[in-house]
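Coordinate analysis (summary)
Chain residues, written in single-letter form:
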Amino acid sequence: MFGFASKDLGIDLGTANTLVYLKGRGIVLREPSIVIKNTRTNEIVAVGKRARDMLGRTPANIVALRPMQDGVISDYDTTLAMIKHCIAQATGKAPGKWRGGKVLICVPYGVTSIEQRAVLDAARAVGASEAYTIEEPFAAAIGAGLPVWEPVGSMVVDIGGGTAEVAIISLGGIVSSESIRVGGDEMDEAIIQYVRKTYNVIIGERTAENLKMGIGTAAVMNDEEADVSMEVRGRDLLTGFPKTLTITATEIALALKEPVMKIVEGLGTTLEKTPPELASDIMDRGIFLTGGGALLKNLDKMIAEAVGMPVFIADHPLDSVALGTGRALENFDRYRSAIERPK
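Residues numbered from 1 in each chain as written. Predicted model: local features only at pLDDT ≥ 70, side-chain atom pairs only at ≥ 80, totals over all residues. Heavy atoms only, no water.

Counting its secondary structure elements, the protein contains 13 helices and 19 strands. The dimensions of the protein, computed from C-alpha atoms along their principal axes, are 60 × 55 × 30 Å. Across the 343 residues of the protein, 53% fall into the buried class. Of the roughly 15,300 Å² of accessible surface on the protein, 49% is carried by carbon and sulfur atoms. For the protein, the separation between the mean place of its 37 positive charges and that of its 43 negative charges on side chains is 9 Å. (Helix = DSSP H or I, 4+ residues; strand = E, 2+ residues; numbered from the N terminus. Buried < 20%, exposed > 50% of the residue type's maximum accessible area, 1.4 Å probe, protein only. Areas by Shrake-Rupley, 256 points an atom, 1.4 Å probe, with all protein chains shown as cover. Lys, Arg positive; Asp, Glu negative; His and termini not counted. Charge placed at Lys NZ, Arg CZ, Asp CG, Glu CD.)

Here it is as structure tokens:
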């Protein structure tokens with residue numbers, strides 16, 4: 001696909017999606033972080049978009065795996081397959097044939113040395129000559145255009161598929177941070193459980209995600225929003241037959257109340273640990289939301305009301321981490337102090 005001279009890559013290895021930034025070109029790939037594996041033969045059947053299309057449509061011996069769970073590597077071989085596939089797609093090299101170049105990979109704040117080593121080993125195993133990690137909230141802040149090197153407090157909340165990373169950054173470092181095990185996946189699960197308890201109907205993960213993206217909201221602000229609805233199909237637990245339901249935005253807000261409140265509580269915990277001077281900066285400058293979860297309707301308004309501070313959504317919330325990783329890669333020497341060396 002991209003026979004490009006540069007061999008340096010930035011990888012946002014997310015729970016829901018993996019993005020690849022090619023130095024000198026920008027983001028060149030976005031793939032779902034899903035691997036389909038045959039449990040009888042241990043063979044990797046499909047990766048990325050092709051794997052996503054197979055979800056819920058496979059026999060018992062073909063399972064869907066996510067390389068990352070709650071922001072950390074859950075299975076080394078699956079992660080290796082995901083990274084190998086993405087590098088092949090981004091560079092135009094056959095899987096396993098790419099060699100050379102720096103690879104900079106995002107990891108959650110507070111990742112253990114064992115988890116970090118697994119990420120770096122996976123990068124080297126697919127051909128990287130040098131492998132480094134950068135903390136996800138710091139990369140998100142760079143990607144959102146926040147003044148990370150200035151002596152002022154910047155607060156970023158990166159809501160991904162598996163975790164919400166809350167961090168306060170000043171002078172090129174993370175002053176305080178909180179990793180909350182809440183993200184898009186837990187929101188989807190909350191919708192599934194709501195439909196099951198309310199209607200005795202089972203819906204799939206993709207249906208729940210479609211509901212979240214179609215009419216999902218953190219709070220209903222007016223009657224017009226409350227009337228928005230969407231039809232979905234699921235399986236009736238009593239009869240076993242397919243059933244069509246009409247779900248409203250008000251119901252989705254009710255289903256998402258618990259995961260949304262966990263994010264708000266994590267914000268409060270991080271602010272409690274913040275020095276008064278930086279807290280004052282954040283009061284003036286506001287909180288910035290990045291990640292796919294930032295796109296949940298009215299989430300910014302709900303957080304602003306709960307914490308009494310202005311809340312803004314980054315210009316490109318889905319790409320913030322990958323863009324920040326890329327900028328750190330493009331200016332490696334400048335960002336070297338924020339880039340983690342192997343522990």
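If you trace the three strands from one edge of the open sheet to the other, you get 14-15-16, paired in antiparallel fashion. Each having just a single partner strand, strand 14 (201-202) and strand 16 (242-248) make up the two edges of the open sheet. Two strands pair when backbone bridges link them, and strand 15 (residues 229-236) and strand 16 are joined in this way by seven bridges, in the antiparallel orientation. Residue Gly234 lies in a different strand from strand 16, and its bridge partner there is Lys243. Along the sheet, helix 6 (residues 205-215) makes contact with strand 15 and strand 16, crossing strand 15 at roughly 170 degrees. (Pairing = 2+ DSSP bridges. Contact = heavy atoms within 4.5 Å. Axes fitted to C-alpha atoms, helices over the stretch in contact; angles between N-to-C directions.)

The next thing to look at is the pattern of salt bridges. The tally for this structure, following the rule as stated, stands at 12 salt bridges. A salt bridge links Lys23 to Asp8, with the nearest nitrogen and oxygen atoms 3.7 Å apart. Here Asp8 lies in the segment before strand 1 (9-13) and Lys23 lies in the loop between strand 2 (17-22) and strand 3 (26-32), a separation of 15 residues in the sequence. The class of Lys23 is partly exposed, set by a relative accessible area of 26%. Of the charged contacts in the structure, one is a salt bridge between Glu178 and Lys273, with a shortest N-O distance of 3.1 Å. Of this pair, Glu178 sits in strand 13 (residues 173-180) while Lys273 is found in the loop between helix 9 (257-272) and helix 10 (276-285), placing the two residues 95 residues apart along the sequence. Under the relative-accessibility criterion, Lys273 is labelled partly exposed at 44%. Several salt bridges converge on common partners, so that one network encompasses Glu186, Glu258 and Lys262. (Salt bridge = Lys/Arg side-chain N within 4 Å of Asp/Glu carboxyl O.)

Our next topic: the packing of aromatic side chains. How two aromatic rings sit relative to each other is set out by the distance from centre to centre and by the angle between their planes. A complete count under the given rule lists four aromatic pairs for this structure. An angle of 80 degrees between the planes, with centres 6.3 Å apart, marks the rings of Phe138 and Trp149 as edge-to-face. With a gap of 11 residues between them, Phe138 in helix 4 (residues 136-143) and Trp149 in the loop between helix 4 and strand 11 (154-159) connect regions that are remote in the sequence. Note on Phe138: relative accessible area 3%, which makes it buried. (Phe/Tyr/Trp six-rings, centres within 6.5 Å; stacked < 30°, edge-to-face > 60°.)

Further remarks concern the packing of helix 4 against helix 12 (residues 320-330). Running from N to C, helix 4 and helix 12 cross one another at 85 degrees; their axes reach a closest spacing of 6 Å. By the criterion of interaxial angle, the relationship of helix 4 to helix 12 is roughly perpendicular. Contacts from Glu136, Ala139, Ala140, Ile142 and Gly143 of helix 4 reach helix 12 at Ser320, Val321, Leu323, Gly324, Thr325 and Arg327. Its residues placed into classes, the contact of helix 4 with helix 12 shows five nonpolar, four polar and two charged. (Parallel < 35°, antiparallel > 145°, perpendicular 65-115°, else oblique. Nonpolar A, V, L, I, M, F, W, Y, C, P; charged D, E, K, R; others polar.)

Functional significance is not addressed by these values, which are geometric in nature.
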